[in-house]
Amino acid sequence: MKEAILATLASPSQLVRTQCASLVAAIATIEIPRGEWTELINNLCTNSNSDVSQIKLASLQTLGFICEELEPSNLSNELKNAVVVALTTSIDKDEASAPNSQGLPATKLAVKALLHSLPYATQNFKVENERNFIMQKVFDAIFVSDVNIRENAMQVLVELARQEYEALQSQF
């Protein structure tokens, strides 16, 4: 059954993808803490780089839903890092700013999901080059022309200031 739900994430219908992403996240929040469906996070992270737009968007949205519900303690540091990397590398200010770009929806979903993944990023903020990369992506998103992306990026920045204040002092 899970394979059929995952396959539906590639639907051409945004509504269907969103509902399936929500369903996958709901199942994941039950199974991952029990040590089940262990391959899901890695598969979603890999698919977040897909050349197929529907797969990329559904994977980013699903990761965001999972981060919203799943406690960071339920994932290994390796998986938390994979989620943060998948989301931050999907933020592309050039793609998001280009007219009729496929990068706009991906950046929008990635920034929104990044907000929910910040509790997963604590280890990343202890490493200077990783912290700098994340912060550069957030700052890039603040200057994208899309208002929703800018708003979500500002929310990420506020939450980062709350969560990682000590690590961010060098950024300001």
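This structure is a prediction, so every number in the text was calculated from the model and none was measured.

1. Examining the environment of Gln123
- Looking at the element boundaries, Gln123 is found in the loop between α7 (103-117) and α8 (128-142).
- Given a relative accessible area of 40%, Gln123 falls into the partly exposed group.

2. Description of the state of the cysteines
- Overall, the coordinates contain zero disulfides when judged by the stated rule.
- As a non-bridged cysteine, Cys20 has Cys67 as the owner of its nearest cysteine sulfur, 19 Å distant.
- Free cysteine: Cys67, not disulfide-bonded; nearest cysteine sulfur from Cys45 at 8.3 Å.
- Its relative accessible area of 6% is what places Cys67 among the buried residues.

3. A look at the packing of helix α3 (residues 40-47) against helix α4 (residues 53-69)
- It is the contact of α3 with α4, at a shortest axis distance of 8 Å, that shows an interaxial angle of 135°. As summarised for this structure, α3 and α4 are arranged oblique, according to the angle between their axes. The way α3 lies across α4 gives a crossing that is left-handed. In this structure, α3 contributes Leu40, Ile41, Leu44, Cys45 and Asn47 to the contact, and α4 contributes Ile55, Lys56, Ser59, Thr62, Leu63 and Ile66.
- Of the residues that constitute the contact of α3 with α4, the class distribution is seven nonpolar, three polar and one charged.

What counts and what doesn't
- Residues numbered from 1 in each chain as written.
- Predicted model: local features only at pLDDT ≥ 70, side-chain atom pairs only at ≥ 80, totals over all residues.
- Heavy atoms only, no water.
- Helix = DSSP H or I, 4+ residues; strand = E, 2+ residues; numbered from the N terminus.
- Buried < 20%, exposed > 50% of the residue type's maximum accessible area, 1.4 Å probe, protein only.
- Disulfide = S-S within 2.5 Å.
- Axes fitted to C-alpha atoms, helices over the stretch in contact; angles between N-to-C directions.
- Parallel < 35°, antiparallel > 145°, perpendicular 65-115°, else oblique.
- Left-handed = near helix turned anticlockwise from the far one by under 90°.
- Contact = heavy atoms within 4.5 Å.
- Nonpolar A, V, L, I, M, F, W, Y, C, P; charged D, E, K, R; others polar.

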